[in-house]
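Understanding the architecture of this molecule
So you can see what is in the structure, the chains are spelled out below.
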Amino acid sequence: MRRALFIGIAYTHTAQPLPHCHDDVDNMLGFFSARYPDVQEIVVLTDKEGQPADRVPTRANLLSAMRWLVDDVKPGDRFFLHYSGRGGRERDDGGDEDDGWDEALLPMDFEESGQIRDDVMHAVLCEPLPKGSFLTAVFDCSHSGTMMDLAYTYVLDQNDQVVRVNNFEAAGKKLLQGGLMWLQGDRARARAASTEGALLLVRGAASGEIDGMRKIFNRSTRKIGGGGGRFARGSSASDGSEQKKKRETDGTVVQWAACKDDQAADTSTSAMSWAFIKTVSENPNCTYVDALREIRALLVNKYAQIPQLSCGHEMNLDVSMGL
């Protein structure tokens, strides 16, 4: 089974509409349909005039469509999600975000009904997936870096190498920094660094990054790609909460994000959607590493936003990417 969900919100009745979001959905739908012409199960939600009531991107309809996307999922099933609209942030009320913020989507009725937090999307879209199922998501919006709370996030460094920051390793460095600052008498910064390190440590435990714990004092990043590099593996572990943060998934989940969590995507154009379509159309057999590099190359001289790739569990980045 293969299903696809496309969401484009232009906020046409607000003071700051994003009309290009409708174009994004039309373009991505055309790209996807040409690549997979036999797919019948496709749902499109937009705030265009004349949309049926159940195809308008309200919060309730978005959640209903997300549940439909992965309903009755079985091993071998493949799903595709594209979102173009506004992204936001809300104060984390669960204590499990190291920066203190949850990332979120903004439905057309977000002022009345609220945003859709990353916790919710992880629970609705990722947790139901069994091993052998696949979900690819493209988020063309602000603050989208960890929009589905996946275990690992990848960016390009200054040498055009794909790197991953391990939560445990990053925690170790923060705790070490905190200790040094305390010895130097900088108590305020020491407390801040130690608090951030402790939160990263909790996040790493929830992600099951046990192997990373052994490397805390060795290094904080690992280069991937160009030599058969692989994602570091961590076993899935429950933290006992209703919403499990930054943890591994049984199914394969790959998320393409327009920018980092603390960045705003350019709202005057369709940068990420355009770059994704151009990259995969012109290089249909490209690897994940090649795709991330090409998307970054297309955006780097025009936009400040830094595209990111996230994944729910171990996978090889040097293989042809699938949708």
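Computed from a predicted structure; not experimentally measured. (Residues numbered from 1 in each chain as written. Predicted model: local features only at pLDDT ≥ 70, side-chain atom pairs only at ≥ 80, totals over all residues. Heavy atoms only, no water.)

**Focus on the side chain of Asp261**
One can find Asp261 in the loop between strand E11 (252-257) and helix H8 (271-282). Contacts of Asp261, omitting those with residues within four sequence positions, involve Arg89, Glu103, His143, Ser144, Gly145 and Thr146. (Helix = DSSP H or I, 4+ residues; strand = E, 2+ residues; numbered from the N terminus. Contact = heavy atoms within 4.5 Å.)

**With respect to the pairing of E11**
Sheet faces and side chains relate simply in a regular strand, where the side chains alternate between the two faces. The element E11 is largely enclosed, with a buried count of six among its six residues. By the alternation rule, side chains of E11 split into Thr252, Val254 and Trp256 and Val253, Gln255 and Ala257, which are all buried. Across six bridges, the pairing between strand E7 (residues 134-140) and E11 is parallel. When the bridges of E11 are listed, Phe134 appears paired with Thr252. (Buried < 20%, exposed > 50% of the residue type's maximum accessible area, 1.4 Å probe, protein only. Pairing = 2+ DSSP bridges.)

**As for the confidence of the model for the protein**
Parts of the model with low pLDDT should not have their predicted coordinates read in detail. Residues at a pLDDT of 70 or more form 77% of the protein, whose mean pLDDT is 82. This model gives residues 205-222 a pLDDT under 50, and the stretch forms 50 contacts once residues within four places in sequence are excluded. (pLDDT = per-residue confidence, 0-100.)

**Re the pattern of salt bridges**
Throughout the structure, instances matching the rule amount to eight salt bridges. Across the pair Glu103 and Arg89 runs a salt bridge, and its minimum N-O distance is 3.4 Å. Of the two residues, Glu103 is situated in strand E5 (residues 101-105) and Arg89 in strand E4 (residues 87-91); the sequence distance between them amounts to 14 residues. For Arg89, a relative accessible area of 23% gives the class partly exposed. In this structure, Arg117 and Asp102 form a salt bridge, with 2.8 Å as the shortest nitrogen-oxygen distance. Taken together, the residues span a long stretch of sequence, with Arg117 in strand E6 (residues 116-117) and Asp102 in strand E5 at a distance of 15 residues. Exposure remark for Arg117: the relative accessible area of 18% places this residue in the buried category. The buried category is assigned to Asp102, whose relative accessible area is 0%. When salt bridges with common partners are traced through the structure, they connect Glu90, Asp102 and Arg117 into a single cluster. (Salt bridge = Lys/Arg side-chain N within 4 Å of Asp/Glu carboxyl O.)

**Topic: the packing of aromatic side chains**
Within this structure, the stated rule accounts for eight aromatic pairs. Measuring from ring centre to ring centre gives 5.8 Å for Phe6 and Phe32, while their planes differ by 70 degrees; the resulting arrangement is edge-to-face. Taken together, the positions of Phe6 in strand E1 (residues 2-8) and Phe32 in helix H1 (residues 20-35) put the pair 26 residues apart, joining distant regions of the chain. Each of the two residues, Phe6 as well as Phe32, counts as buried. On the basis of an interplanar angle of 50 degrees and a centroid distance of 5.9 Å, the ring pair of Phe6 and Phe80 is categorised as tilted. (Phe/Tyr/Trp six-rings, centres within 6.5 Å; stacked < 30°, edge-to-face > 60°.)

**Brief notes about the environment of Trp256**
Following the sequence through the fold, Trp256 ends up in strand E11. You can call Trp256 buried: its relative accessible area is 0%. Separated by 20 residues in the primary sequence, Trp256 and Phe276 place their C-alpha atoms 8.7 Å from one another.

**Points about empty space enclosed by the protein**
Counted according to the given criterion, the structure contains two cavities of 30 Å³ or more. Looking at the largest cavity, its volume works out to about 80 Å³. Lining the largest cavity are 13 residues, and of these His20, Gly85, Asp140, Asp266 and Thr267 lie nearest its centre. (1 Å grid on protein atoms, 1.4 Å probe; cavity = no way out; pocket = protein on both sides within 12 Å on 5 of 7 lines; lining within 4 Å. Points joined across faces, edges and corners; volume = space filled by probe spheres on them.)

**Thoughts on the nonpolar core**
In this structure, Trp256, Phe276 and Met321 are the most contacted members of the largest nonpolar core, which totals 41 residues. Where this core is concerned, the elements lending two or more residues are E1, H1, strand E8 (152-156), E11, H8, helix H9 (288-300) and strand E12 (308-311). Counting residues per element, this core draws most heavily on H9, which supplies seven residues. (Core = buried A, V, L, I, M, F, W, Y, C linked by side-chain atoms within 4.5 Å.)

**Some remarks on the pairing of strand E3 (residues 78-84)**
Counting buried positions along E3 gives six out of seven residues, so the element sits mostly inside the fold. Two strands pair when backbone bridges link them, and E1 and E3 are joined in this way by seven bridges, in the parallel orientation. Note on E3: the bridge partner recorded for Arg2 is Arg78. Direction of pairing for E3 relative to E7: parallel, over a ladder of seven bridges. Pairing of Ser84 across the sheet is with Asp140, part of E7.

**Some remarks on the sheet that holds E5**
Across the sheet, which stays open at both edges, the three strands sit in the order E4-E5-E6 with antiparallel pairing between neighbours. The sheet terminates laterally at E4 and E6, the two strands that pair on one side only. Where E5 and E6 come together, two bridges link them in antiparallel fashion. By the bridge assignment for E6, Leu105 is matched with Ile116.

**Let's talk about H8**
When the terminal C-alpha atoms of H8 are compared, their 16 Å separation across 12 residues agrees well with the 16 Å that a helix rising 1.5 Å per residue should span. Every buried residue of H8 is listed here: Ala271, Met272, Ser273, Ala275, Phe276, Ile277, Thr279 and Val280. Residues of H8 that are buried make contact with H1, E3, E7, E11 and H9. (Expected span 1.5 Å × (residues − 1).)

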